[in-house]
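Letter by letter, the chains look like this.
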Amino acid sequence: MNILSDSHTHCAESLNGIIALEPREARFMPGKVYSIGIHPWKSLEATEEDLMALDELAVHPQVLAIGETGLDRLRGGDLNLQTALFKHHILLSESINKPLIIHNVRCVPELISLRKKLKATQPWIFHGYRGNAETAKQLCNAGIMLSFGERFTPGVPQSVPADMILIETDMSRIAIEEIAKRISPDDPDLPGRNLRRVFPVMKIK
Ligand SMILES: [Zn+2]
């Protein structure tokens, strides 16, 4: 039995994290939990079949969240295409009541306005947040939680409301417990508690 604490990982062996999968590679192993989504970098190659597979896999009980999905100004091609794909994920998340795990590069205003425009109410988790305190504040005010990993801007985790902080390993090899100490030194379990509040499966079984 393992306690959920890592909001986003690509490590297929993780026992305490939400493992991000794409529909084409989806395989669920016992005792693990997942998010499923089509990365914005893949927006050019995503087919109708991929979207159908996404919708079907999303309802699986081991799938806790939708993603990673989002917008990337530097990579992944035409932003209109990325936006259409992202909207599909948002509507899916809303329709089956599963939170969204978001990849965002230089598209914060677009992200905030999409949340408002689509009246999304599911928790949104901005994964791998590395921006400044001012933008962090805007995101938190819009109801978007921030997940911090190995690389982050020093001081920013302390600047945001305690209940909006999450942590993740993503691609890094550093243990989640070590990241917890860096992000929330006074209370390293805080981000894990926040995560378990969003996903009330205290134990992965
Ligand atoms: Zn990732």
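In the block above lies the structure referred to throughout.
Presented here is an overview of the structure given in this document. All of these numbers come straight from a predicted model, not from anything done at the bench.

## Examining the packing of aromatic side chains
So, point 1. Counted by the stated rule, this structure contains five aromatic pairs.
So, point 2. Where F86 meets W124, the ring centres are 6.0 Å apart and the plane angle is 55°; that geometry is what we call tilted. Highlighted residues: F86 in helix α2 (residues 79-96) and W124 in strand β7 (residues 124-126), separated in sequence by 38 residues. Comparing F86 with W124, the two get one shared label, buried.

## Re helix α3 (residues 108-117)
So, point 1. For α3, the complete set of buried residues consists of V108, L111, I112, L114 and R115. Buried residues of α3 fall within an arc of 160° about the axis and therefore sit on the same side. Opposite the packed face of α3, turned more than 90 degrees from it, sit the exposed residues P109, K116 and K117.
So, point 2. Tucked inside the fold, the buried residues of α3 contact β5 (63-72), α2, β6 (100-105), β7, α4 (133-141) and β8 (144-148).
So, point 3. Positioned one or two residues after α3, K119 has a phi angle of 50°, which is positive.

## Some thoughts on the pattern of salt bridges
So, point 1. Counted by the stated rule, this structure contains seven salt bridges.
So, point 2. The residue E22 makes a salt bridge to K42 at a minimum N-O spacing of 3.5 Å. Here the residue E22 occupies a position in the loop between β3 (17-21) and β4 (33-36), and K42 occupies one in the loop between β4 and α1 (48-58), the gap between them amounting to 20 residues.
So, point 3. Classification of E22 by relative accessible area gives buried; the value is 17%.
So, point 4. Across the pair R193 and D187 runs a salt bridge whose closest N-O atoms are separated by 2.6 Å.
So, point 5. On the basis of relative accessible area, R193 is assigned to the partly exposed category, the value being 38%.
So, point 6. One salt-bridge network, held together by shared partners, links D187, D189, R193 and R196.

## Some thoughts on the coordination of the zinc ion
So, point 1. Taken together, the protein donors to the zinc ion comprise H8 (NE2), H10 (NE2), E68 (OE) and D170 (OD), at separations of 2.1 to 2.3 Å.
So, point 2. Coordination at the zinc ion is irregular, judged from the four donor atoms that bind it and the angles of 81 to 173° they form at the metal.
So, point 3. When the donor residues of the zinc ion are listed from N- to C-terminus, their spacing reads H-x1-H-x57-E-x101-D. A residue pair is termed long-range when its members are at least 10 positions apart, and H8 in strand β2 (residues 6-9) and D170 in the loop between β9 (165-167) and α6 (176-183) qualify at 162 residues.
So, point 4. Its relative accessible area of 0% is what places H8 among the buried residues.

## Here's the deal with the packing of α3 against α4
So, point 1. For the pair α3 and α4, interaxial distance at closest approach is 10 Å and the crossing angle is 10°. Judged by the angle between their axes, α3 and α4 are roughly parallel. For the pair α3 and α4, the contacting residues are V108, L111 and I112 in the first and T135, Q138 and L139 in the second.
So, point 2. The residue makeup of the contact of α3 with α4, split by class, is four nonpolar, two polar and no charged.

## Observations concerning α6
So, point 1. Along α6, the residues classified as buried are I176, I179, A180 and I183. For α6, the angular spread of buried residues about the axis comes to 105°, placing them on one side.
So, point 2. The secondary structure elements touched by the buried residues of α6 are β2, β8, α5 (156-159) and β9.

## Describing the sheet that holds β8
Remark on secondary structure: sheet strands pair via backbone hydrogen bonds, oriented parallel or antiparallel.
So, point 1. A sheet is described by the order of its strands in space; here eight strands give the open sequence β2-β3-β4-β5-β6-β7-β8-β9, paired in parallel fashion. Both edges of this open sheet fall to β2 and β9, since each of them pairs with a single strand only. Strand-to-strand twist in this sheet, taken as the mean axis angle between neighbours without regard to direction, amounts to 35°.
So, point 2. Lying over the sheet, α6 contacts β2, β8 and β9, oriented at roughly 150° with respect to β9.
So, point 3. Sheet strands touched by helix α7 (residues 190-198): β2, β3, β8 and β9. Its angle to β9, the strand with the most contacts, is close to 100°.

Analysis parameters
- Residues numbered from 1 in each chain as written.
- Predicted model: local features only at pLDDT ≥ 70, side-chain atom pairs only at ≥ 80, totals over all residues.
- Heavy atoms only, no water.
- Phe/Tyr/Trp six-rings, centres within 6.5 Å; stacked < 30°, edge-to-face > 60°.
- Helix = DSSP H or I, 4+ residues; strand = E, 2+ residues; numbered from the N terminus.
- Buried < 20%, exposed > 50% of the residue type's maximum accessible area, 1.4 Å probe, protein only.
- Arc of directions from axis to C-beta.
- Contact = heavy atoms within 4.5 Å.
- Salt bridge = Lys/Arg side-chain N within 4 Å of Asp/Glu carboxyl O.
- Donors = N, O, S within 2.8 Å, 3.2 Å for Na, K, Ca; no water.
- Tetrahedral: all angles 85-135°; square planar, octahedral: opposite > 155°, others 65-115°.
- Axes fitted to C-alpha atoms, helices over the stretch in contact; angles between N-to-C directions.
- Parallel < 35°, antiparallel > 145°, perpendicular 65-115°, else oblique.
- Nonpolar A, V, L, I, M, F, W, Y, C, P; charged D, E, K, R; others polar.
- Pairing = 2+ DSSP bridges.

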